[in-house]
Amino acid sequence: MQIAIISGKGGTGKSSITAAFASIEKNVVLADCDVDASNLYLLFTPTHEKEQAYIGAETAIIDNNLCISCMKCLENCRFDAISYINQKIIISDVACDGCGLCARICPTQAIMTQQHDKSRLYSGSFRYGKMVYGVLAPGEENSGKLVNEVRSKANIIATENDLAITLIDGPPGIGCPVISAIANVDGVVLVTEPTLSGFHDLKRIKEIADNFRLPAWVIINKFTINEKISSEIEAWCKKEKVNFAGKIPFDLVMVEAMTQLKTIIEYQPNGTITKKLKEIYNYIKLNINKQTN
Amino acid sequence: MLFKTHGDKQLKIAIASGKGGTGKTFVATNLYSVLQQNQVSSILIDCDAEEPNDHFFFKSISKTDKEVQVNIPVISAESCIFCDKCYEYCHYNAIFYLPSLQQIHVMEDLCHSCGACSVACEHNAITEKKKTIGTVTTYLLSGNYKLIESRVNIGVYSPVPVITSAIKEAEQQGIIILDAPPGTSCPFIHTVNNADYVVLVAEPTPFGLSDLQKTIAVLHILEKPFGIVINKSDIGTLAMSDFIQKENYDLLLSIPFDRSVASFYSEGKIMAEREEKWKEIFENLIDKIIETACK
Amino acid sequence: MKIAITSVGNSLSSNIDERFGRCAFFVIYDTDTKSVEFIPNHAKDAEGGAGTAAVQLIASQQVAKVVSGQFGVKVKPLLDSLKIQMISIKGSHSVQEIINMVEER
Ligand code: SF4
Ligand code: SF4
């Protein structure tokens, strides 16, 4: 069973909730697909059993010794990545989209495209099973491809170690990476918070889950920050027939737990939030099981 | 106050954070509010095109939409001789090409509008059309202030063209605040690359520190000057302020956690409009930014 | 009739690959001749457009049906327009099991 936890916007506590689920379940594959800001490894300090290079985007580089300043590349680049400064062609790494057109049309073959290989994919063991996570090199783009690789590695590990449950910590936003993180899962958990913007983002990510016809459950985190908006979200769930899994009060212990590098379940094994999260997790799991059978 | 006299020079300040939810929008909207309250010529641009939220915080009098379009090739199967060339030039697998069935067309969602296929085609089979990928909305606020918002349509491969058109929309004097998108990839890079100075908003937790370090690594590559605001400064660890001190970075402001602020903010309201104390905090922040940005 | 099955490996005991565009291999099974061919999916590591490339590959093999886990939003209309029937399978099944299922029908 694969469960993806996503949130649209950041800061809703998605990763803390994913970590809590892992410590409730105790034996899982944890796939950290929030590759822009993969942080769960800080909490779980997994062993690095395997490190793989990840080949990301490409960018063009120029050999100015071969360049005859014909300006063909500059005229054709649609990304304004090429400029002519002090009688020298300069290609901006930041603006270049890696389309490769300049390299193809350069009459002296002064331009080449180069692959970036600084990003990494790690896998190893942690206290609740196995963990896979990707780390993008600074400035590297998350295209969804790294998310795919993290997930396929997680699949292999799940089969090899006979681990039934994979938890996926999804990336923020609504773009390709999110879609890659939720494709083919058995259930999606949407973590939101009771702010106007949180509510708004929830509606957008719900749309995405619907597009893929994936069963989704909503959790409102920190609901006591604004109980009015929180009940509006609940009412919306009812109206739109979105499964509502539960709500968690705001409590500074969540932050305290994190600063101690513990999950909330470990930090307060008998606390109210722990109880609530267990309830929510078991509820979601039960319902996913019902649906798949 | 320094900033009061800064209205005649252009200064672009990006407010960013490695991750969403650290208070980036809180800082951006409050800063803009104190600039308005002090009648400083300024503008706010919401560059978080995937989830633009700044408009929740300001009452607008009117709004105008401008569509952002890109060029998408159209391939005529009649003129096409199935020579393979455009298919080979396209780096993004955006051309669906099945010569055995005489089928060829562009997958619009995959196309990056690079124009390579048009250059490749020697048989005039490729023309281009416009495709709307998002909207730049200008909200007119009271006192002739403006909020410019970038919003990308769902399924578009990159919000960058929408973000850059929003920033271009604000070619004027004064202080331009860019509410940057989260993360450290292209949308973030293209936003901060347009700024003169970057304000990083971070939370002092282990996750927050790691995000901050990743963001700083990118800013070093871009050679952008920056300063740091620690939000919820009293609920984490000291590791972040130690790090800032050790690296000799500029700490612009520490905002302690205040639960009533969180509730107030959740309703789309601005602290600097409610309490004099917060107004002063953000006035001082702007001064500090200008001081460090211009040094 | 030819059928494409997405597979994680190049043997009949390999499991099917639930990712259509990013599968490791395409198995092309011919129900008339009972022949099986494994074609590696070179587009699986593409930054984008893996699904489109996969459709091109199987369509050029003239398959009538394709068995995989799930099909993406970009892939579905393409397969529809080419009149290739999509069959989604959940859970782990080997290529052989899928072939048996096809034959039993
Ligand atoms: S590879 Fe494409 S985007 Fe990059 S510089 Fe060359 S033409 Fe421009
Ligand atoms: S414009 Fe570029 S990305 Fe679009 S179809 Fe042509 S070659 Fe491919």
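Residues numbered from 1 in each chain as written. Chains lettered and ligands numbered in written order. Predicted model: local features only at pLDDT ≥ 70, side-chain atom pairs only at ≥ 80, totals over all residues. Heavy atoms only, no water.

Considerations on the packing of helix α1 (residues 24-37) of chain B against helix α10 (residues 276-293) of chain B
All names here are of chain B.
Line of reasoning, step 1. Closest axis-to-axis distance for the α1/α10 pair is 9 Å, and the angle between their directions is 95 degrees. It follows from the interaxial angle that α1 and α10 lie roughly perpendicular. From α1, F26, V27, N30, L31, V34, L35 and Q37 reach across to α10, where they touch W278, K279, F282, E283, L285, I286 and I289.
Line of reasoning, step 2. Here the contact of α1 with α10 is built from residues that sort into 10 nonpolar, two polar and two charged. (Axes fitted to C-alpha atoms, helices over the stretch in contact; angles between N-to-C directions. Helix = DSSP H or I, 4+ residues; strand = E, 2+ residues; numbered from the N terminus. Parallel < 35°, antiparallel > 145°, perpendicular 65-115°, else oblique. Contact = heavy atoms within 4.5 Å. Nonpolar A, V, L, I, M, F, W, Y, C, P; charged D, E, K, R; others polar.)

Some thoughts on the site of ligand 2
Line of reasoning, step 1. Around ligand 2, the neighbouring residues are P73, C90, Y92, A94, I95, C111, H112, S113, C114, G115, A116 and C117 of chain B.
Line of reasoning, step 2. When grouped by side-chain class, the residues that make up the shell around ligand 2 number nine nonpolar, three polar and no charged. (Near = heavy atom within 4 Å.)

Thoughts on the site of ligand 1
Line of reasoning, step 1. Around ligand 1, the structure places A60, C77, F79, A81, I82, I91, C96, D97, G98, C99, G100 and C102 of chain A.
Line of reasoning, step 2. Of the residues belonging to the shell around ligand 1, the class tally is nine nonpolar, two polar and one charged.

Here we look at the domain arrangement of chain A
Line of reasoning, step 1. Split by domain assignment, chain A resolves into domain 1 (2-54 + 119-292) and domain 2 (58-115).
Line of reasoning, step 2. On a C-alpha basis, the centroid separation for the pair domain 1 of chain A and domain 2 of chain A is 41 Å. (Domains from an automatic or database assignment.)

Notes on the interface of chain A and chain C
Line of reasoning, step 1. Taken together, the 15 residues of chain A in the interface contact 11 residues of chain C.
Line of reasoning, step 2. Buried surface at the junction of chain A and chain C, summed over both partners, amounts to about 1100 Å²; 39% is from carbon and sulfur atoms.
Line of reasoning, step 3. The largest share of the area that chain A buries against chain C comes from K145, N184 and F212 of chain A, three residues that together contribute 48% of it.
Line of reasoning, step 4. Counting across the chain A and chain C interface gives zero salt bridges.
Line of reasoning, step 5. On inspection of chain A and its partner chain C, the count reaches zero residue pairs in polar contact (both at pLDDT 80 or more).
Line of reasoning, step 6. Take the side of chain A that touches chain C: its biggest share by element is four residues, from helix α5 (residues 145-160) of chain A.
Line of reasoning, step 7. Residues of the side of chain A that touches chain C, tallied by class, amount to six nonpolar, five polar and four charged. (Buried area = accessible area lost by both parts, 1.4 Å probe. Salt bridge = Lys/Arg side-chain N within 4 Å of Asp/Glu carboxyl O. Polar contact = N/O pair within 3.5 Å; in protein donor to acceptor, adjacent residues only side chain to side chain.)

Some points on the interface of chain B and chain A
Line of reasoning, step 1. In this assembly, 51 residues from chain B lie in contact with 52 residues from chain A.
Line of reasoning, step 2. Here chain B packs against chain A, burying approximately 4600 Å² in sum over the two surfaces, 58% of which is carbon and sulfur.
Line of reasoning, step 3. Summed over the shared surface of chain B and chain A, the number is two salt bridges.
Line of reasoning, step 4. Put simply, chain B and chain A have 15 residue pairs in polar contact (both at pLDDT 80 or more) between them.

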